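# An overview of the molecular structure
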Amino acid sequence: MNKKTFTQSPILYLVGTPIGNLEDISLRALRILKEVSRIYCEDTRTSSVLLRHYNITTPLFSYHNFNEDVKAKTIVDYIKEGNSVALISDAGNPIISDPGFKLVEECLNNDIAITTIPGPSAFISAFMTSNMPFPFLFYGFLKPKQTEREKELQELKYLKASLIFYEAPHRIKETLNSILKVFGNRKCYLARELTKKFEEHYYTTINDLILECDKLKGEMVLIIEGYKEEEIKADKFSLIEEQIKLGLKTNEAIKEVARMLNIDKKELYKEYVAYKDN
Ligand code: SAM
C-alpha cells in the first residue's frame, strides 16, 4: 500500500476555476492563487483574464498537452526547490479533459504533496440540470475520426449508465450522427454555454437534436440516456446471431452476449433455445 497524507509544503495545488461566469471561484482558490510561487495554465492569455479580474499578480507559465512530459519534470524540480505551485486550466478543473495527468504522476513518483481546490466542471453542472438517471459515465471527447469514434461508441452501446460527452460545435453534427447510427434514437440532453449569458438546455432525442445542430454554437455537454432493458430484450438474440456470424460457436456466442449485457448465461441459453424452437 502506498498511503500518502499530504500536510507538508511545498505542494502542488490542482485548482478549479470558472467554466464561464468569473464569480464561480472559491475564496480558498483565490487565496492559494495569490500565495503560490507560480501558476501553470494552458493558455496564459486566457488565464490572465481571470487573474486580472481578481488582482492576482502571481507569475503565469504555460503547461499544455504538447509539452506535458518535459514540462512536468521541470515543474517537479521547481517544487523540490521549496516552491508551491498551482495548476489551473482554461476553464473548470485541471485533468478533466485537460492537461495535468503527467504532472500528478510525476509528483507522486517524487513524493511531492498534491491537493485539490475543487471548482466547477462542465459535466457535473450539466448532469445536475439534465434530469438523466444516475449512475453516469463521464467519457469526455470522442475521437474526431468517424471510424474510430464509432468503434468507441460500439464499446459504450450496452452500458446502462447515462453517458456524458464533451463536444466542440463544429463536430456536434457528425458526432450525433455517429451516435444515432450506433445507438439508435435515444433520449438525450444538451447543455450549451453553461453559466454564461446565452446558456441553453435541450431535453430531447438524438434525431430531434440533429435537426437543431446548425444553431448550436459555443461550448456544449451532451448526455445520452443509457441502454434500456427493453432494448436489451429486443437485441439479445440478434446479438447472439451477430457473434455466430463472426465465427463463434452458439455456446460461446451466448456466453459472450451474457457477458456484454451482464446477464445470466444459463437463462440466456434457455431463452435462446426456446426462441429457436418457435
Ligand atoms: N476542464 C473542463 C471541465 O472541468 O469541465 C473541461 C475542459 S474541455 C477542454 C472543454 C469542454 O468542456 C468544451 O468543449 C465543452 O464540451 C465543455 N465545457 C466547458 N465549459 C462549458 C460551458 N460553459 N458550457 C458547456 N460546456 C462547457
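Computed from a predicted structure; not experimentally measured.

## A short note on the environment of Ile244
Mapped onto the elements, Ile244 comes out in helix α9 (residues 229-245). Sequence separation between Ile244 and Pro169 is 75 residues, and the spatial gap between their C-alpha atoms is 40 Å. Apart from residues lying up to four places away in sequence, Ile244 is in contact with Thr250, Ala253 and Tyr272.

## A closer look at the nonpolar core
Formed by 21 residues in total, the largest nonpolar core has its most connected members in Phe165 and Leu222. Mapped by element, the contributors of at least two residues to this core are α6 (146-156), β7 (162-167), α7 (172-183), β8 (187-192), α8 (206-212) and β10 (220-224). Here the element with the most residues in this core is α7; it accounts for five residues. Discounting residues that sit within four places of it in the chain, Leu222 has contacts with Leu163, Ile164, Phe165, Ile172, Leu176, Ile179, Tyr189, Leu190 and Leu209. Ala29, Leu30, Leu33 and Leu50 belong to the second-largest nonpolar core, a separate cluster that totals 19 residues.

## Focus on the site of the ligand
Close to the ligand lie 18 residues; Asp98, Ser121, Ala122, Tyr166 and Met220 are nearest. Here a nitrogen atom of the ligand sits 2.9 Å away from a polar atom, N or O, in the main chain of Ile19. With respect to the ligand, the backbone of Ala122 contributes an N or O atom lying 2.8 Å from an oxygen atom. Considered on its own, the ligand offers 580 Å² of accessible surface; in the complex 91% of this is hidden by protein. Spatially, the ligand is embedded in the largest pocket. Secondary structure elements with two or more residues in the shell around the ligand: β7 and β10. The class makeup of the residues in the shell around the ligand is nine nonpolar, four polar and five charged. Two domains each provide a minimum of three residues to the shell around the ligand, namely domain 1 (11-120) and domain 2 (123-228).

## Points about the packing of helix α3 (residues 68-80) against helix α4 (residues 101-109)
Where α3 contacts α4, the two axes come as close as 9 Å, and the packing angle between them is 45°. Taken together, the axes of α3 and α4 lie oblique to each other. Handedness of the α3/α4 crossing: right-handed. Residues Glu68, Asp69, Ala72, Lys73, Ile75, Val76 and Ile79 of α3 touch α4, and the partners they reach there are Phe101, Lys102, Leu103, Glu106 and Cys107. Residues that form the contact of α3 with α4 fall into these classes: seven nonpolar, no polar and five charged.

## Comments concerning the domain arrangement of the protein chain
Accessible area lost on assembly of the parts is the figure often given for the size of an interface. Annotation of the protein chain at the domain level lists domain 1 (11-120), domain 2 (123-228) and domain 3 (232-277). Centre-to-centre, using C-alpha coordinates, domain 1 lies 28 Å away from domain 2. Contact residues are listed per partner, giving six residues for domain 1 and nine residues for domain 2. With both chains or domains summed, domain 1 and domain 2 bury close to 550 Å², and 63% of this area falls on carbon and sulfur atoms.

Conventions and cut-offs
Residues numbered from 1 in each chain as written. Predicted model: local features only at pLDDT ≥ 70, side-chain atom pairs only at ≥ 80, totals over all residues. Heavy atoms only, no water. Helix = DSSP H or I, 4+ residues; strand = E, 2+ residues; numbered from the N terminus. Contact = heavy atoms within 4.5 Å. Core = buried A, V, L, I, M, F, W, Y, C linked by side-chain atoms within 4.5 Å. Buried < 20%, exposed > 50% of the residue type's maximum accessible area, 1.4 Å probe, protein only. Near = heavy atom within 4 Å. Polar contact = N/O pair within 3.5 Å; in protein donor to acceptor, adjacent residues only side chain to side chain. Areas by Shrake-Rupley, 256 points an atom, 1.4 Å probe, with all protein chains shown as cover. 1 Å grid on protein atoms, 1.4 Å probe; cavity = no way out; pocket = protein on both sides within 12 Å on 5 of 7 lines; lining within 4 Å. Sits in = over half its atoms within 2 Å of the grid points. Nonpolar A, V, L, I, M, F, W, Y, C, P; charged D, E, K, R; others polar. Domains from an automatic or database assignment. Axes fitted to C-alpha atoms, helices over the stretch in contact; angles between N-to-C directions. Parallel < 35°, antiparallel > 145°, perpendicular 65-115°, else oblique. Left-handed = near helix turned anticlockwise from the far one by under 90°. Buried area = accessible area lost by both parts, 1.4 Å probe.

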